[in-house]
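Spelled out, the chains give:
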Amino acid sequence: MAVLAIFALSGIFAAWLAPYDPYRADLEGSLAGPSPQHWLGTDELGRDILSRIIYGARVSMVIGSISVAIGVALGVPVGLFAGYFGGRFDLLSQRVIDVLLGFPSIILAIVLVTVLGVGLVNVMIAVGIVSVPTYARLVRGQVLSLKTQEFVEAARALGAGTPRIVFRHIFPNTLAVLIVQTTLQVASAILSAAALGFLGLGVQQPTAEWGAMLSTARQYIQLAPHTLIFPGLAIMLTVFGFNLLGDGLRDALDPRMKI
Amino acid sequence: MSAYLVKRLLLAVPVLLGVSLVVFTMIRFIPGDPAQLMAGQAATAEVVRQIRESLGLDRPLPIQYAIFIGNLLKGDLGRSLFNSAPVVEELAQRFPRTVRLALASMVVASLIGIPAGILSATRHLSWLDSLVMVIALAGVSMPVFWLGLNLILIFAVRLHWLPAIGHETWRHLILPSVTLGAASAAIIARMTRSSMLEVLRQDYVRTARAKGLAEPSVVRRHALRNALIPVVTVVGLQLGTLLSGAVLTESVFAWPGVGRLLVDAVLARDYPVIQGAVLLISTTFVALNVLVDMVYAALDPRIRYE
């Protein structure tokens, strides 16, 4: 939680927290190791790595939240309707999901980036779409078991219409698993975006994005290993935080899943 | 069993058709003339016209798709825009290297993951259990390319123990396979642990203990055999993930496999190669999933009746 709090605060208050302008180059001071002036050293253009990591938290936060929002916005309604109504829509949506799951997720993201082009917005869309099948499957499974339960029958017997049953009675009961999944999905979205950034297919330079920072740092692995270590640590700790939170929430919300 | 087998195989057909449809449509969604995209910017009008004809771009979309599938079945995936080599040949040359890397990573992942999971489950709620689980969570949280670069930094740059790039000898395989296998090792450890914990609670394990069997024998002969059934599935599914995960690892270690080919092709906008590589990786992924289901059904007869 502490890691996540630091991550969130860095993202929100980047402008106040960052000791330097993350884009200000100082070629004379390039690739300098950690020092009292630059705690985490400088990169190949002499930019302060700590400031870039702090601004990078903002980029990761935006990518994590928006791509997850895209996944939820598209996947949850599909899962709700497919599970509740069944029939042709269910059949069709399940086949589409089968096809999407036929691609390994990083490959699907690469296909989408190939079509959409690189850049921050397209990365968020690509990573978001990759998570749609997961949400749709998860919610559909929940709805299938929920719709035969007594409280739904009771609501129907009391004359509640379909929208009311779906949104007021069934949907709130899927929230627990949805929250757990969303937390874990933020972790996976940050990792995927960093991977795309590293491959040169994601957020482009000079934007301070952790994956793109590592992509450049690999060229200086011998000269300046600090440029490699710190952005990677930032990714790992943030993803670790979200995974830990997701696991914790799962244990708290669904004790049967406790391992 | 055979009915289940046929059913599972038949289910894969529409998925593969869907995958081919996505790859087919992909090129048509990119702004611009598909023939020009496939021919490259430097191509002459004559080359563009030839490609337009061979893809049937002046004909209705369903016919174009039929031509695409027809070419695919003949093993014709077009030619690379850069070296004009047939895409199929390029893939055939590189695919065995990716498979070698993925299999080596799977061995690494299983050798680390399964014992770690067993150790964790048999020492449930001890400090050792917590330590293994924290390491496992760190393993899935670590960007694979970052781990690879760190291993290069330590074992190649600093210690000079292992080569950083290349693919000729088994020594070249060590760093990439550890890099690629690490996250899978973590997933396998978590799965083995939870499966072992579940099995250790069963009545037959209690019976084995009650009749006075020593604990190692209970774990090995009674619990482990049953606990490994779901683990086999996870290991199998991981192989699919490893094949696609090779995209990153191959880029870090300059490993000349299909993954690196794909990334280079995307950066260079070499569309025939992108299509071919995506088709190959996805088809293998779907085939592996079918295979895993079959192995699972063979190991656990309950699955077939669901």
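Definitions and cut-offs
Residues numbered from 1 in each chain as written. Chains lettered and ligands numbered in written order. Predicted model: local features only at pLDDT ≥ 70, side-chain atom pairs only at ≥ 80, totals over all residues. Heavy atoms only, no water. Helix = DSSP H or I, 4+ residues; strand = E, 2+ residues; numbered from the N terminus. Buried < 20%, exposed > 50% of the residue type's maximum accessible area, 1.4 Å probe, protein only. Contact = heavy atoms within 4.5 Å. Areas by Shrake-Rupley, 256 points an atom, 1.4 Å probe, with all protein chains shown as cover. Phe/Tyr/Trp six-rings, centres within 6.5 Å; stacked < 30°, edge-to-face > 60°. Expected span 1.5 Å × (residues − 1). Salt bridge = Lys/Arg side-chain N within 4 Å of Asp/Glu carboxyl O. Buried area = accessible area lost by both parts, 1.4 Å probe. Polar contact = N/O pair within 3.5 Å; in protein donor to acceptor, adjacent residues only side chain to side chain. Domains from an automatic or database assignment. Patch = residues over 30% accessible without salt bridge, like charges linked within 9 Å, V, L, I, M, F, W, Y side chains within 5 Å. Lys, Arg positive; Asp, Glu negative; His and termini not counted. Charge placed at Lys NZ, Arg CZ, Asp CG, Glu CD. Axes fitted to C-alpha atoms, helices over the stretch in contact; angles between N-to-C directions. Left-handed = near helix turned anticlockwise from the far one by under 90°.

## Observations regarding the overall build of chain A
Here is step 1 of the chain: What chain A contains, in helices and strands, is ten helices and zero strands.
Here is step 2 of the chain: Starting at the N terminus and ending at the C terminus, chain A contains elements arranged as α-α-α-α-α-α-α-α-α-α.
Here is step 3 of the chain: The 259 residues of chain A split such that 52% are buried.
Here is step 4 of the chain: Taking the contacts inside chain A whose residues are at least 6 apart along the sequence as the reference set, 70% of them involve residues at least 24 apart.
Here is step 5 of the chain: Only carbon and sulfur atoms are counted for the fraction: they give 66% of the accessible area of chain A, which is about 11400 Å².

## Digging into the packing of aromatic side chains
Here is step 1 of the chain: If you walk through the whole model with that rule in mind, you get eight aromatic pairs over all chains.
Here is step 2 of the chain: Measuring from ring centre to ring centre gives 6.5 Å for Tyr65 of chain B and Phe68 of chain B, while their planes differ by 20°; the resulting arrangement is stacked. Taken together, the residues span about one helical turn, with Tyr65 of chain B and Phe68 of chain B both in helix α4 (residues 61–73) at a distance of three residues.
Here is step 3 of the chain: Overall, the relative accessible area of 18% leaves Tyr65 of chain B in the buried class.
Here is step 4 of the chain: Taking relative accessible area as the criterion, Phe68 of chain B reaches 14% and is therefore assigned buried.
Here is step 5 of the chain: What links up through ring pairs into an aromatic cluster is the set Phe81, Tyr84, Phe85 and Phe167 of chain A.

## Brief notes about helix α5 (residues 105–116) of chain A
Residue and element names in this part refer to chain A.
Here is step 1 of the chain: Over its twelve residues, α5 extends 16 Å from the first C-alpha to the last, a length consistent with the 16 Å expected when each residue adds 1.5 Å.
Here is step 2 of the chain: α5 sits mainly inside the fold: nine of its twelve residues count as buried.
Here is step 3 of the chain: Among the residues of α5, Ile106, Ile107, Leu108, Ala109, Ile110, Val111, Leu112, Val113 and Thr114 are the ones counted as buried.
Here is step 4 of the chain: Looking one or two residues past α5, Gly117 carries a phi angle of roughly 100°, positive in sign.

## Structural notes on the pattern of salt bridges
All names here are of chain A.
Here is step 1 of the chain: In total, this model carries 15 salt bridges over all chains according to the counting rule given.
Here is step 2 of the chain: Between Arg140 and Asp90 there is a salt bridge whose closest N-O contact spans 2.7 Å. With Arg140 in helix α6 (residues 120–146) and Asp90 in helix α4 (residues 87–101), this residue pair connects regions lying 50 residues apart in the sequence. Each member of the pair, Arg140 as well as Asp90, carries the same accessibility label: buried.
Here is step 3 of the chain: Two residues, Asp98 and Arg137, come together in a salt bridge whose shortest N-O distance is 2.6 Å. On the criterion of sequence distance, the pair formed by Asp98 in helix α4 and Arg137 in helix α6 is long-range, its members being 39 residues apart.
Here is step 4 of the chain: For Arg137, a relative accessible area of 32% corresponds to the partly exposed category.
Here is step 5 of the chain: Shared partners join several salt bridges into a network, and the residues in it are Asp43, Glu44, Arg47 and Arg52.

## Comments concerning the interface of chain A and chain B
Here is step 1 of the chain: If you look at the interface, chain A gives 37 residues, while chain B gives 45 residues.
Here is step 2 of the chain: Interface area for chain A against chain B, summed over the two sides, is near 3700 Å², with a carbon-plus-sulfur share of 80%.
Here is step 3 of the chain: A salt bridge links Arg190 of chain B to Asp247 of chain A; the nearest nitrogen and oxygen atoms lie 3.0 Å apart.
Here is step 4 of the chain: For the pair chain A and chain B, the interface holds four residue pairs in polar contact (both at pLDDT 80 or more).
Here is step 5 of the chain: Only α4, α5, α8 (162–199) and α10 (226–253) of chain A provide two or more residues apiece to the side of chain A that touches chain B.
Here is step 6 of the chain: Here the side of chain A that touches chain B takes twelve residues from α10 of chain A, the largest share from any one element.

## A short note on the environment of Pro86 of chain B
Residues and elements named next belong to chain B.
Here is step 1 of the chain: With respect to the helices and strands, the residue Pro86 is situated in the loop between α4 and α5 (87–122).
Here is step 2 of the chain: Along the sequence, Pro86 and Val273 sit 187 residues apart, while their C-alpha atoms lie 9.0 Å from each other.
Here is step 3 of the chain: If near-sequence neighbours (up to four positions away) are discounted, Pro86 is found in contact with Gly78 and Arg79.

## Focus: the domain arrangement of chain B
Residues and elements named next belong to chain B.
Here is step 1 of the chain: When its domains are assigned, chain B resolves into domain 1 (15–73) and domain 2 (96–299).
Here is step 2 of the chain: Carbon and sulfur atoms make up 85% of the area that domain 1 and domain 2 hide from each other, which totals about 1000 Å².
Here is step 3 of the chain: Ranking the residues of domain 1 by area buried against domain 2 places Leu16, Val23 and Met38 at the top, with a combined share of 40%.
Here is step 4 of the chain: At the level of secondary structure, the elements contributing two or more residues to the side of domain 1 that touches domain 2 comprise α1 (2–29), α2 (34–39) and α4.
Here is step 5 of the chain: The leading source of residues in the side of domain 1 that touches domain 2 is α1, at eight residues.

## Here's the deal with a positive patch on the surface
Residue and element names in this part refer to chain B.
Here is step 1 of the chain: A contiguous patch of positive charge on the surface is contributed by Lys211, Arg220, Arg221 and Arg225.
Here is step 2 of the chain: Examined against the element boundaries, Arg225 turns out to sit in helix α10 (residues 215–252).
Here is step 3 of the chain: When its relative accessible area of 64% is taken as the criterion, Arg225 is described as exposed.

## Section: the packing of helix α11 (residues 258–268) of chain B against helix α12 (residues 271–299) of chain B
Residue and element names in this part refer to chain B.
Here is step 1 of the chain: Interhelical geometry of α11 versus α12 gives an angle of 145° and a closest axis separation of 9 Å. Once α11 is placed against α12, the crossing between them reads as left-handed. Packed against α11, whose contacting residues are Val258, Leu261, Leu262, Ala265 and Val266, the element α12 presents Val273, Ile274, Ala277, Val278, Leu280 and Ile281 at the interface.

## Description of the environment of Ala42 of chain B
Residue and element names in this part refer to chain B.
Here is step 1 of the chain: Here Ala42 shows up in the loop between α2 and α3 (45–55).
Here is step 2 of the chain: With relative accessibility at 79%, the residue Ala42 sits in the exposed group.
Here is step 3 of the chain: Distance in space between the C-alpha atoms of Ala42 and Asp129 is 60 Å, their sequence separation being 87 residues.

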